[in-house]
Amino acid sequence: MSLKDILKDFHEQKSGAVEGEITDLAEAFWQFITKTASLKDERRAPGYHPSQMYAFCPRKEVLDHFFPKPETDFIPPDLQMIFDWGTAWHWLTQNNYFGPMGVLWGEWTCNGCAVKVVGFMPEPCKTCHPKWKPGPVVGGGYWTYIEPHLYDPEWGIPGHGDGILILSRDPKGKRSLLEVKTVNGDRFKFINKPDEKYVFQINIYLWLLKFDECWLTYWSKDAKQGKPKVFKITFDPSIIEEVKKRIRLHRRAMPALRLCEGICKT
């Protein structure tokens, strides 16, 4: 299937369902991922997303508006599966690791009755598990962590952090941001400092949360597992000034129908 055919399918068929009886499950799955990977997620809030701001070029955004090239937004199925794997690992670290450790703070939803509570991961819901005996929650499965959603109306920046940590385990203790990143095993071996793009993104979250530190955790996708690599990121206000500059340039250029300065000076 050519890229032209894939884009044609995007316009003609919004559903990712594969028609007819499936005889080759692997091929049907690959077709499904191919069709759905580049479809817009309607749940995604409009605005300047922190994950995109490191590479956000206001000049390119203006050009994209007047000369759209949807083929450049195509996400291959293998890349989409990498994204999905990372999303699944976020869920695992929140609900099976940091939650049961008693250091992840925020809103939790009971997997049985959907009641919500705020705090550290609670013991299993008494309504759903009346026979539970008080004690530590060793594994997940009882509660699901709700990531903290953030929004700055002035600058139109939506986002959500991976979690809020209180390492003292005291509800009144110092709060830090948690960020979870996954990398392949070969790259994991050579990580000795945080990626600039993640530091950029994290500082936007810190600004929105009014926190001054974040624990950036890298996890290997290798079959052989070990401790995550962890880096402490402190708030850098100069990054926020750069973010505001890019948004200002974009906002001024669009109504005026003109190109503006980009992030690349060449």
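Residues numbered from 1 in each chain as written. Predicted model: local features only at pLDDT ≥ 70, side-chain atom pairs only at ≥ 80, totals over all residues. Heavy atoms only, no water.

**Student:** Tell me about the overall build of the protein chain, and name the residues and values.
**Tutor:** Helix and strand content of the protein chain: seven helices and nine strands. In terms of overall dimensions, the protein chain has C-alpha extents of about 65 × 55 × 40 Å along its principal axes. The buried share of the protein chain, reckoned over its 266 residues, is 39%. The long-range share in the protein chain, meaning contacts at least 24 apart out of those at least 6 apart in sequence, stands at 62%. Just so you have it, the protein chain exposes about 16400 Å², and 58% of that area is on carbon and sulfur atoms. Averaging the positions of the 37 positive and the 33 negative side-chain charges in the protein chain gives two centres separated by 6 Å. (Helix = DSSP H or I, 4+ residues; strand = E, 2+ residues; numbered from the N terminus. Buried < 20%, exposed > 50% of the residue type's maximum accessible area, 1.4 Å probe, protein only. Contact = heavy atoms within 4.5 Å. Areas by Shrake-Rupley, 256 points an atom, 1.4 Å probe, with all protein chains shown as cover. Lys, Arg positive; Asp, Glu negative; His and termini not counted. Charge placed at Lys NZ, Arg CZ, Asp CG, Glu CD.)

**Student:** I'd like to hear about the packing of aromatic side chains, residue by residue, with values.
**Tutor:** A complete count under the given rule lists 13 aromatic pairs for this structure. Each ring, one from Trp89 and one from Tyr97, has its centre 6.3 Å from the other, and the planes form 70°; the classification is edge-to-face. A ring pair is formed by Tyr218 and Phe231, whose centres lie 5.9 Å apart and whose planes are at 85°; its orientation type is edge-to-face. With Tyr218 in strand β8 (residues 213–220) and Phe231 in strand β9 (residues 229–234), the pair connects residues that are 13 residues apart, well separated along the chain. Residues Tyr218 and Phe231 agree in their burial class; the two are buried. Through pairs of rings, three or more aromatic residues link up here, namely Trp85, Trp89, Tyr97, Phe98 and Trp219. (Phe/Tyr/Trp six-rings, centres within 6.5 Å; stacked < 30°, edge-to-face > 60°.)

**Student:** I'd like to hear about helix α2 (residues 25–36), residue by residue, with values.
**Tutor:** In this model, α2 (12 residues) spans 16 Å end to end at C-alpha, consistent with the 16 Å of a helix rising 1.5 Å per residue. Of the residues making up α2, those classed as buried are Ala28, Ile33, Thr34 and Lys35. The N-terminus of α2 is capped by Asp24, whose side-chain oxygen sits 3.2 Å from the backbone nitrogen of Ala26. (Expected span 1.5 Å × (residues − 1). Polar contact = N/O pair within 3.5 Å; in protein donor to acceptor, adjacent residues only side chain to side chain.)

**Student:** Describe the side chain of His49, listing the residues and the values that go with them.
**Tutor:** Relative to the assigned elements, His49 resides in the loop between α2 and α3 (58–66). On the basis of relative accessible area, His49 is assigned to the buried category, the value being 11%. At 2.5 Å, the side chain of His49 forms a polar contact with the backbone oxygen of Ala45. In this structure, His49 is in contact with Arg44 and Pro158, ignoring residues within four places of it in sequence.

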